[in-house]
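Commentary on secondary and tertiary structure
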Amino acid sequence: MQGAAGILPEEFTDEGDDPRDSAAVKIRAEQLELLIDQSYPAAYMSLLIAAVLVMILWEAVDHGSLLVWLGAVVLTGLSRIMVFIQYWRWPPLETQVPLRERLYFLTMVAYFSVWGIGALWLMPPDSPVHQVIIVYFLIGMAGSAIAVFSANRFMLLCAVALLLVPSLIWMFSRGEALYVGIALGGTAFLLSAIRSSRILSRAMRQNLSLKHRLMRARAEAEQLARIDELTGLANRRALYEEGENLAAQSRRLGNPLSLIALDVDHFKQINDTHGHLWGDNALQHLSRLLTASLRETDVCGRIGGEEFAILLPGTPLEDAVGVAETLRAKLEASPLVMPTGELPMTASLGVTEGNAPVGELIRQADVALYRAKSLGRNRVESCCENTSELVESEAASG
């Protein structure tokens, strides 16, 4: 049964860790990255250590056996290095992380099996000194494995066990005091590794988990900072930022960009007559209507009070006027339902087109909006010349 780290049994994973959770997947990917970053230099170093061990054993062990073992170490070591290079050249997608984990694990098992089982094969039967030297090298390799595989406890334990258990079993089986003493020391080291691996891997995983929780909290905070709390639409800051991006894209691609400014008619009367709670309900009613009526590519935001702005990328002025008219008619036909009856709602809308900065587009749309209000409200007007004088006279009319 697979846990959060793909090949880890459940007892080696954190409680509550769901591998389908996006944060768990990111932690899993980062664990793999840590393993590879730590393994890469260690892989080259262990090849050098293998060559040194062959030199030490050259006079005590059959040369052919030594060369066969060294060749196996080099081949399995190179297979690990190829996995590292593949990871860096073609970083895995989140869905590919389990496969890369398995490749890493399989090459690791092959490599440390050659070391652990191969070292037992190389044990010279009549040279206790060389036998101790081999065990010394294996314990050193196991100590290095604890540092390299600290991000993944299961792999750590597998590596240490593959390195030490075959030789420890062989030494216990000899029955002599010297060998039993060495085996007991190696066993104590193995048990210490098991305990320390739990502490190291849990601390590492908790640090990674905390890191991703902080990143997620930051992203959520930034998202909240871009949303109008009452309506759930984009706030003024988010609308301006998105508007600048769309305007730049419009200039680059030569596509039209239109903006609709919408202001609820007689909103002050709604607040004065029915209270601010129902004024808020009216704005929420309007925001739901806008969200349901616009495309996913459109950007709708509340820019203040009862005024909203809608960015329509790829939409020429004539089509934007049609969208505005549809929104006006839908709102007029969708009164707000109250316990005492229905509250009619209408809005005035101004429309403009261009790739100017979003602040200028809003100013132009406001000109058209104030013209709509001056002509009786509940209507749509597009931006035209000689209407800027209406702005100041109508700004206070609401």
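Each remark here, short or long, concerns the structure printed above.
Presented here is a report on the structure given in the accompanying data block. Please read these numbers as outputs of a predicted model, since none were measured by experiment.

1. Considering the packing of helix α4 (residues 128–148) against helix α5 (residues 153–174)
Here α4 crosses α5 at 160°, and the two axes come no closer than 9 Å. Looking at the two axes, α4 sits roughly antiparallel to α5. Read as a crossing pair, α4 and α5 show a hand that is left-handed. In contact with Gln131, Val135, Leu138, Ile139, Met141, Ala142, Ala145 and Ile146 of α4, α5 contributes Leu156, Ala159, Val160, Leu163, Leu164, Ser167, Trp170, Met171 and Arg174. Considering only residue class, the contact of α4 with α5 consists of 14 nonpolar, two polar and one charged.

2. Quick word on the sheet that holds strand β6 (residues 347–353)
Spatially, β2-β3-β1-β6-β7 is the arrangement adopted by the five strands of the open sheet, whose pairing is mixed. Each edge of the open sheet carries a strand with a single partner, namely β2 (299–304) and β7 (380–382). Ignoring strand direction, the axes of neighbouring strands in this sheet form an average angle of 20°. In the packing of helix α7 (residues 236–253) onto the sheet, the strands contacted are β1 (257–264), β2 and β3 (307–313), and the crossing angle to β2 comes to about 135°.

3. Section: a nonpolar patch on the surface
A surface patch of nonpolar side chains, amounting to about 330 Å² of accessible area, comprises Met45, Leu48, Val52 and Ile56. Relative to the assigned elements, Leu48 resides in helix α1 (residues 22–57).

4. Some words on the pattern of salt bridges
On inspection of all chains with the given rule, the structure shows twelve salt bridges. Among the ionic pairs, Arg302 bridges to Asp228, the shortest N-O distance being 3.3 Å. Taken as a pair, Arg302 in strand β2 and Asp228 in the loop between α6 (177–224) and α7 lie far apart in primary sequence, 74 residues in all. The exposure classification of Arg302 matches that of Asp228, with both residues buried. Note that Arg295 is salt-bridged to Asp298, the shortest N-O span being 2.6 Å. Take Arg295: its relative accessible area is 41%, and that puts it in the partly exposed class. Given a relative accessible area of 11%, Asp298 falls into the buried group. Within this structure, Asp263, Asp265 and Lys373 form a network of salt bridges that share partners.

5. As for the nonpolar core
With 56 residues, the main nonpolar core has Trp69, Tyr104, Trp115, Phe149 and Val160 as its most contacted residues. If you list the elements that add at least two residues to this core, you get α1, α2 (63–89), α3 (97–122), α4, α5 and α6. The element contributing the most residues to this core is α5, with twelve residues. Grouped together as the second largest cluster of nonpolar side chains are 28 residues, Ile260, Leu312, Leu331 and Met338 included.

6. Observations concerning the packing of aromatic side chains
Within this structure, the stated rule accounts for eleven aromatic pairs. Pairing Trp69 with Trp115 gives two aromatic rings, centres 5.1 Å apart and planes at 85°, and the pair type is edge-to-face. Of the two residues, Trp69 sits in helix α2 while Trp115 sits in helix α3, which places them 46 residues apart along the sequence. Neither Trp69 nor Trp115 differs from the other in exposure class; each is buried. One aromatic cluster is present, formed by Tyr40, Tyr44, Phe84, Trp88, Tyr104, Tyr111, Phe112 and Phe149 through successive ring pairs. When the ring centre of Tyr104 is taken as reference, the NZ or CZ atom of Arg80 above it lies at 5.8 Å. Here Arg174 stacks its cationic end above the ring of Tyr179, 4.5 Å away from the centre of that ring.

Conventions adopted
- Residues numbered from 1 in each chain as written.
- Predicted model: local features only at pLDDT ≥ 70, side-chain atom pairs only at ≥ 80, totals over all residues.
- Heavy atoms only, no water.
- Axes fitted to C-alpha atoms, helices over the stretch in contact; angles between N-to-C directions.
- Helix = DSSP H or I, 4+ residues; strand = E, 2+ residues; numbered from the N terminus.
- Parallel < 35°, antiparallel > 145°, perpendicular 65-115°, else oblique.
- Left-handed = near helix turned anticlockwise from the far one by under 90°.
- Contact = heavy atoms within 4.5 Å.
- Nonpolar A, V, L, I, M, F, W, Y, C, P; charged D, E, K, R; others polar.
- Pairing = 2+ DSSP bridges.
- Patch = residues over 30% accessible without salt bridge, like charges linked within 9 Å, V, L, I, M, F, W, Y side chains within 5 Å.
- Areas by Shrake-Rupley, 256 points an atom, 1.4 Å probe, with all protein chains shown as cover.
- Salt bridge = Lys/Arg side-chain N within 4 Å of Asp/Glu carboxyl O.
- Buried < 20%, exposed > 50% of the residue type's maximum accessible area, 1.4 Å probe, protein only.
- Core = buried A, V, L, I, M, F, W, Y, C linked by side-chain atoms within 4.5 Å.
- Phe/Tyr/Trp six-rings, centres within 6.5 Å; stacked < 30°, edge-to-face > 60°.
- Lys NZ or Arg CZ within 6 Å of the ring centre and 35° of its normal.

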